[in-house]
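# Architecture at a glance
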Amino acid sequence: MNGNISFNIITPQYFGRVQLSLLVLKSYIHSKNPDLTMQLNSFYSEDDADTIVEEISRQGNTILLFSLYVWTEEIVRTVCRRLKELNNDYIIIIGGNIPTYQGAFLLETYPFYDFAVIGEGENTLYQLFDYINQDKADFSTIDNIIYRQNHEIITTRRSDNYNIEEQDYPLLLDDFRDDEIIFYETSRGCKYRCRYCAYNMNFNGKNVVRYYSNQKVENDLRRIFNLPYIKKLDFTDSTLIGNRNRGLWILSLLNTLNSERVAAGKNPIEIGIDVSLEDFDDEILYEVKRLHTFAYGFGLQSIDREVIRKAARVFNRDKFTKYFNALTKKSKAAVNLELMFGLPGDTLEKFLNSLEYSISDLDAHFVVCFRFAVLPGSTFWKDKEKYGITCEELSPYYTLASATFSEEDLQTAELLSFYLQLIYTCFRGIKRIVDRNFHGEKVPVYLKLSALLQENYDDFFHNDRLRQGDVYKFVIKLATQEYSDIKRSIQMDLRNELKQLIENYSTS
Ligand code: SF4
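Just so you know, the residues in each chain are numbered from 1, in the order the chain's sequence is written. Residues qualify for local features only when their pLDDT is at least 70, as the model is predicted, and side-chain atom pairs are given and counted only at 80 or more; totals for whole chains, interfaces and linings, by contrast, use all residues.

Now for the pairing of strand β11 (residues 232–235). Regular strands show a simple pattern: their side chains alternate between the two faces of the sheet. Of the two faces of β11, the one holding L233 and F235 is buried and the one holding K232 and D234 is not buried anywhere. Where β11 and strand β12 (residues 270–274) come together, three bridges link them in parallel fashion. Looking across to β12, one finds that D234 is bridged to G272. By convention, a crossover is right-handed whenever its connection, traced from the first strand over the helix to the second and viewed with the strands pointing away, goes clockwise. Segments assigned H or I by DSSP are reported as helices when at least four residues long, segments assigned E as strands when at least two residues long, and all are numbered from the N terminus. The parallel pair β11 and β12 is bridged by helix α7 (residues 244–263), and the resulting crossover is right-handed. A residue is called partly exposed when the number of other C-beta atoms within 10 Å of its own lies between 12 and 20, exposed at 12 or fewer, and buried at 20 or more, with C-beta atoms placed from the backbone. Two strands are counted as paired when DSSP detects at least two bridges linking them.

Structure (C-alpha cells):
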C-alpha cells in the first residue's frame, strides 16, 4: 500500500484553528521523508459531521490521523465511525493526550480506530507510516503504539524515542498562506505540577520541561516574522518565562524582530502568550509590556488556600494582583482569566469568592469558568479514589458531585459561568452598569441575573444541558437577525432586573 496521509484536527470554534501539533508532526516527518504526501485539515466541532466526512473522503487520502482533544472526542468518534462505514480500507490513527492514557480502552471499545499513538508522535508516526506503506504486517517493533491484531489489542514497548532538544528541522509554513494567526511552541512540559493537568506528564512518563534549541527557535521565528500574511503569533508554551533567562531572551528576540519589521515598513506581528504571574519580576514585566500583545491568558483556577494546596498550585495574591494590573490596565490586549470549579476541596462558596476576586479586585476584561475535568494522565485522574473524585467515564470527563460540591451546586456554578460569559460577550452594557453600581459585591448580582435568564429563557438556552463551550453557539445565534427580538428582550429583562437591584442596593 502507498497511502497518502491526512492530519485532521477538530476544535471548538472559540479555540480557533489550532494546527500546531499537526504542523510540527508534518514538518518533522517531511524532513525525514520528503516523498510522503501529507495534508493538514482543520475543522470546527460546530461543523456538521457529515460535511467533515465528505471533505475528508473527497481528498482521497487513505491514512487518516486524528488528534483527539477532550472537547471534541465525541465528534471525532462520529466522524471516524462514518468514514470507516464509507470505506473499510481507511487506516485510522488517533493521537494526543487521551489516546496516550486511554488508547487501549478506545481501541477495545471502538473498532473503527486502528492505531493509537502514545506520547509524542513524531518518530512513532514516521515509523508507522513507513511500515504501513511498505505493507509490513508486524507492528510490534514500533515503540509507543497500540493496535489491533486478530481482535487482540496490543500495546508496544514505551520508550523515549524523540528528543525535541536535538531537532533542527524547519517548520513548513506553506500551510499558513491564507491564515492570519500561527501557533508556535518553544518548549514542551511545565515546571509546575498542578494535579488536574496532564500537560506536564505527557512525555513518555517524564516529568520535565524540554526546550527546542535556541538556534531552532530563532530560525523558526525569523522565518515567521518574514511571512507577509501573518498578523498574529500565539505561543502555546505553558509559560514562556518558566525559565527566566531563556524567557527574557525570547521576549527580547520578539521585540527585536518586530522592530525590524517596523523599520522595513511592515506592521508588527501581534503576540499572544500564556503567563504564570508567579514567575514575574519587573524586568520581565518591562519586556512583556514592549510586546505588541493581542491576548494574555491567565490560568487562575481558584484563590482558595485549601483548593490550591490540594491541586498543588502556586498562588501569591499580592504578586498576582500587582502584575495582573500592571499588564492589563490600559492595555488593548484581550485578557482571558480562567477559573475552575469543582476541584477537590472546592465548594460553591469558595468558587464564588474566586470569581468575586476576578471580576471585582482584578476587573478582568473576560472571565471563563470551567467545570473541573478529570483529564486522563493527570494526578487527580490516576488517584481518583484517594482524592474522592467521581467523574464521567468518557470525555469531557467532568467531575460529578463531590463531598463538598453537590450536583445542584455544580449546576448553579455552571449556569452562572455560562450567563456571565454571555453577558461579558454579548451584553457588555449590562456589565458596565454592574461595574458602576455594585462595588465588591458583583457576584450576587450576576447570580440574580443568571437565575432570571434561566427562568425566562429556558426554551431558548436549554438550561439543563448548558456547558461552557456552548456559549459561543448562542453568541453566534444572538448576532443574527433571526434572534434579534430575543436579544432585545434579554437586554430589556436584564436592565429591568438591574434597576430593581440598584434600588434595593442603595436603600440597604
Ligand atoms: S495547569 Fe498550567 S501551570 Fe499547571 S502544570 Fe499545567 S501547564 Fe503547568
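The next point concerns the sheet that holds strand β14 (residues 334–341). Strand pairing in a sheet takes place through backbone hydrogen bonds and is either antiparallel or parallel in direction. Ordered by their spatial adjacency, six strands build an open sheet running β8-β11-β12-β13-β14-β15, and the pairing between neighbours is parallel. Two strands in the sheet have a free side with no partner beyond their single neighbour: β8 (181–184) and β15 (367–371). The sheet shows a mean angle of 20 degrees between the axes of neighbouring strands, taken without regard to direction. As paired elements, β12 and strand β13 (residues 293–301) share four bridges and run parallel to each other. Within β13, the residue paired with I271 across the bridge is T293. Two residues qualify as being in contact provided that their C-beta atoms, derived from the backbone, are within 7 Å of each other. Geometry is summarised by axes, namely lines fitted to C-alpha atoms with helices restricted to the contacting stretch, and by angles between N-to-C directions that run from 0 to 180 degrees. Strand contacts of helix α11 (residues 348–361): β13, β14 and β15, with the helix running at about 170 degrees to β14, the strand carrying the most contacts.

Turning next to the domain arrangement of the protein chain. For the protein chain, the assigned domains are domain 1 (5–155), domain 2 (164–389) and domain 3 (406–508). Domain boundaries shown here were taken from an automatic or database domain assignment. A straight line from the C-alpha centre of domain 1 to that of domain 2 covers 27 Å. If you look at the interface, domain 1 gives 19 residues, while domain 2 gives 18 residues. Elements with a contribution of two residues or more to the side of domain 1 that touches domain 2: α1 (20–32) and α4 (97–109). The element that contributes the greatest number of residues to the side of domain 1 that touches domain 2 is α1, accounting for seven residues.

Spatially, β2-β1-β3-β4-β5-β6-β7 is the arrangement adopted by the seven strands of the open sheet, whose pairing is mixed. In this open sheet, the two edge strands, each paired with only one partner strand, are β2 (38–44) and β7 (152–155). With strand direction ignored, the average angle separating the axes of adjacent strands in the sheet is 20 degrees. Of the pairings in the sheet, the one linking strand β1 (residues 5–11) to strand β3 (residues 63–67) comprises five bridges and is parallel in character. Looking at β3, one finds that N8 is bridged to F66. Contacts from α1 reach β1, β2 and β3, with the element oriented near 175 degrees to β2. Contacting β1, β3, β4 (91–95), β5 (115–117) and β6 (145–149), helix α5 (residues 122–133) runs over the sheet at an angle of about 155 degrees to β5.

So, on to α7. Along its 20 residues, α7 runs 28 Å from first to last C-alpha, staying within 8% of the 28 Å computed at 1.5 Å per residue. Listed as buried for α7 are G247, I250, L251, L254 and N258. Looking straight down α7, one finds that the buried residues subtend no more than 95 degrees of arc, so they occupy a single side. Relative to its buried face, α7 has exposed residues pointing more than 90 degrees away, namely N245, S252, T256, S259 and A263. Contacts from the buried residues of α7 go to α6 (214–226), β12 and α8 (282–290). One or two positions beyond α7, positive phi appears at G265, with a value near 85 degrees. A helix is expected to span 1.5 Å for every residue after the first. Arc, as used here, means the arc of the directions from the helix axis to the C-beta atoms.

Take the nonpolar core next. Nonpolar cores are built from buried Ala, Val, Leu, Ile, Met, Phe, Trp, Tyr and Cys residues. These are joined into a set through C-beta atoms within 7 Å. Grouped together as the largest cluster of nonpolar side chains are 79 residues, with contacts concentrated most on Y196, V367, V374 and Y419. Tallying contributions element by element places helix α13 (residues 407–426) first for this core, with eight residues. When residues of this core are sorted by domain, at least three fall in each of domain 2 (164–389) and domain 3 (406–508). Those residues in contact with V374 that sit more than four places away from it in its chain are F380, W381, K384, I389, C391, Y397 and T399. Residues L25, I52, L68 and V79 belong to the second largest nonpolar core, which totals 48 residues.

All right, on to unusual backbone geometry then. A cis amide bond, omega 10 degrees, links S395 with the succeeding residue P396. Along the polypeptide, P396 turns up in the loop between α12 (379–382) and α13. Positive phi values are uncommon outside glycine, yet D135 reaches one of about 55 degrees. Within the secondary structure, D135 is located in the loop between α5 and β6. You will see that H151, though not glycine, has its phi angle at about 70 degrees, which is positive. Mapped onto the secondary structure, H151 falls in the loop between β6 and β7.

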